[in-house]
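Listed here are the chains, written in short residue letters.
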Amino acid sequence: MLVINPLKLANDCKISRAYFRAARWGGKRRCPSCDYQRRLPLVNGDRFRCSRCGYRFKDFTGTYLERLRIPFDELAHLLYLFVLGVPSYRSRHYLTVSLKTAQRIYTTFRQSIYDHSFTDQVLWGEIELDEAMYGGRRKGKRGWGAAGKHLVFGLYQRNGKVLTFPIPDRSRNTLTPLVTSHTKAGSLYYTDDWHAYTWLSVKGDHVVVRKEEGVPKAKGRHHINGIEGFWSFSKNWLYQYRGIPRHHFHLYLKKTEFRFNQEDEDLFPIIASYLVISGTNIFLITLKKGMELLNALTAVELGVINDQQLRRFMHRNISFFFPNSLPRRYPFPV
Ligand SMILES: [Zn+2]
């Protein structure tokens, strides 16, 4: 990834476009559908056509950027502000797009972070477990189970990463699968004395840290200060947003997790790479092609298109549906 001052990008549409293009292809353009990279002629304007499978694509087809449709310099500008942690309502006077558009783009940034957080990350070693309640400033019932609040489960590997999950409740049935799938057996677990954790001694070593008053202060390594540090870090970030839409809470949460885990990194190139290269891209293309096929089959059934047209459609996408099977010229046997 290129190292460049984001302000330079924000000043120049050409440079920022080149930056995102370089992030997308790494110098080598390849067919998003079949990964072919040798003959990709340019057809009409900025659209390329794969000589192997016939798939037509633009530079940012299938990425998050495809849907944004704003100038690249403004995109770089917004990403810069996002990385600095400036909420969109505060930067509204300095944008060439509307506040609504800026919010939409911020949501896309968060979405890309969220989508990339779905790795099968497994923690090991010394792990602190805890739950926390978010959104405590509202009126009404307080504490566990209050309406309009979000319950979050967090795992923190000491000197490592934190993993968070929004959870419906803090019962054993909810927590057990999360612990099982995201920690290695034989780890050393630190938790509070919540009863849902009692089974942990089966999976590894378990240290219960008591937090009530009257109990002498925990000594040495017997604490869950790491995960509690994350809770305050995360809530501090979220306070500055004036209320978080309920259906977007998971995006905001993962963003703070991302910030916590990459605290020493420059987030600009990381998020830029998320925006242009995504594990979901190929999936989206597959989905799109699949829908096309379903539509074509339905259309044949309804008599909208005939067999000949279906044959042509399959022929056009042959190496997509059957990669490595037949050369392109081979007539598809329908
Ligand atoms: Zn192709």
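In the block above lies the structure referred to throughout.
An account of the accompanying structure is given in this report. (Residues numbered from 1 in each chain as written. Predicted model: local features only at pLDDT ≥ 70, side-chain atom pairs only at ≥ 80, totals over all residues.)

What follows concerns the overall build of the chain. Counting secondary structure elements, the chain contains 13 helices and eight strands. Taking all 334 residues of the chain together, 26% fall into the buried category. Considering only intrachain contacts with a sequence separation of at least 6, the fraction spanning at least 24 residues in the chain is 57%. (Helix = DSSP H or I, 4+ residues; strand = E, 2+ residues; numbered from the N terminus. Buried ≥ 20, exposed ≤ 12 C-beta atoms within 10 Å, placed from the backbone. Contact = placed C-beta atoms within 7 Å.)

Whether parallel or antiparallel, the strands of a sheet pair through hydrogen bonds between backbone atoms. Taken in spatial order, the three strands line up as β1-β2-β3 in an open sheet, and their pairing is antiparallel. The open sheet terminates on both sides in strands that have one partner only, identified here as β1 (42-43) and β3 (56-57). As judged from the two bridges shared by β1 and strand β2 (residues 47-49), these two strands associate in the antiparallel manner. The residue of β2 that forms the bridge with Val-43 is Arg-47. (Pairing = 2+ DSSP bridges.)

The next point concerns the packing of helix α5 (residues 99-116) against helix α9 (residues 249-261). Look at α5 against α9: their axes get within 9 Å of each other, and the N-to-C directions meet at 65°. Classified by the angle between their axes, α5 and α9 sit roughly perpendicular to one another. When the axes of α5 and α9 are compared, the crossing they make is left-handed. Contacts from Thr-107, Arg-110, Gln-111, Ile-113 and Tyr-114 in α5 reach His-250, Leu-251, Tyr-252, Lys-254, Lys-255 and Phe-258 in α9. (Axes fitted to C-alpha atoms, helices over the stretch in contact; angles between N-to-C directions. Parallel < 35°, antiparallel > 145°, perpendicular 65-115°, else oblique. Left-handed = near helix turned anticlockwise from the far one by under 90°.)

Another point: the environment of Pro-166. Position of Pro-166 relative to the elements: it lies in strand β6 (residues 162-167). C-alpha of Pro-166 to C-alpha of Lys-254: the two residues are 88 residues apart in sequence and 9.7 Å apart in space. Here Pro-166 is in contact with His-150, Val-152, Phe-249, His-250 and Leu-253, once residues within four sequence places are set aside.

Even without glycine at this site, Asn-44 takes up a positive phi of about 25°. Tracing the sequence through the fold places Asn-44 in the loop between β1 and β2. For Asn-44, a count of 8 C-beta atoms within 10 Å gives the class exposed. With phi around 55°, Arg-69 is a residue other than glycine that occupies positive phi space. Along the chain, the position of Arg-69 falls in the loop between α3 (65-68) and α4 (72-84).

Once that is clear, we can look at the sheet that holds strand β4 (residues 126-134). As summarised here, the arrangement of the five strands in space is β6-β5-β4-β7-β8, forming an open sheet in which the pairing is mixed. The strands lining the two open edges of the sheet, one partner per strand, are β6 and β8 (205-208). The average undirected angle you get between the axes of adjacent strands in this sheet is 20°. One ladder, built from four bridges, connects strand β7 (residues 188-191) with β8; its direction is parallel. In the strand pairing of β8, Thr-191 is matched with Val-208. Strands in contact with α9 are β5 (150-157) and β6; relative to β6, the strand with the most contacts, it is inclined by about 170°.

With 13 residues, helix α2 (residues 13-25) extends 18 Å from end C-alpha to end C-alpha; this agrees with the ideal 18 Å at 1.5 Å per step. Among the residues of α2, those classed as buried are Ser-16, Tyr-19, Phe-20 and Arg-24. Across the axial projection of α2, the buried residues extend over an arc of 135°, all falling on one side. Of the residues one or two after α2, Gly-26 is the one with positive phi, at around 60°. (Expected span 1.5 Å × (residues − 1). Arc of directions from axis to C-beta.)

Our next topic: the packing of α5 against helix α10 (residues 267-276). Any two packed helices are characterised by how steeply their axes cross, that is the angle between the axes, and by the distance between the axes. Two numbers describe how α5 lies on α10: the axes approach to 9 Å, and their chain directions differ by 85°. Considered as vectors, α5 and α10 are oriented roughly perpendicular to each other. Contacts from Phe-109, Ser-112, Ile-113 and His-116 in α5 reach Ile-271, Tyr-274 and Leu-275 in α10. By residue class, the composition of the contact of α5 with α10 is five nonpolar, two polar and no charged. (Nonpolar A, V, L, I, M, F, W, Y, C, P; charged D, E, K, R; others polar.)

Next up on the list: the nonpolar core. Grouped together as the largest cluster of nonpolar side chains are 50 residues, with contacts concentrated most on Leu-79 and Ile-271. In terms of residues, this core owes the most to one element, α4, which gives seven residues. Those residues in contact with Leu-79, other than ones at most four positions away along the chain, are Pro-6, Phe-109, Phe-268, Ile-271 and Ala-272. (Core = buried A, V, L, I, M, F, W, Y, C linked by C-beta atoms within 7 Å.)

Sheet topology note: the β4/β7 ladder contains three bridges and is parallel. The partner of Glu-128 across the bridge, within β7, is Tyr-190. As paired elements, β4 and β5 share eight bridges and run antiparallel to each other. Within β5, the residue paired with Tyr-134 across the bridge is His-150.

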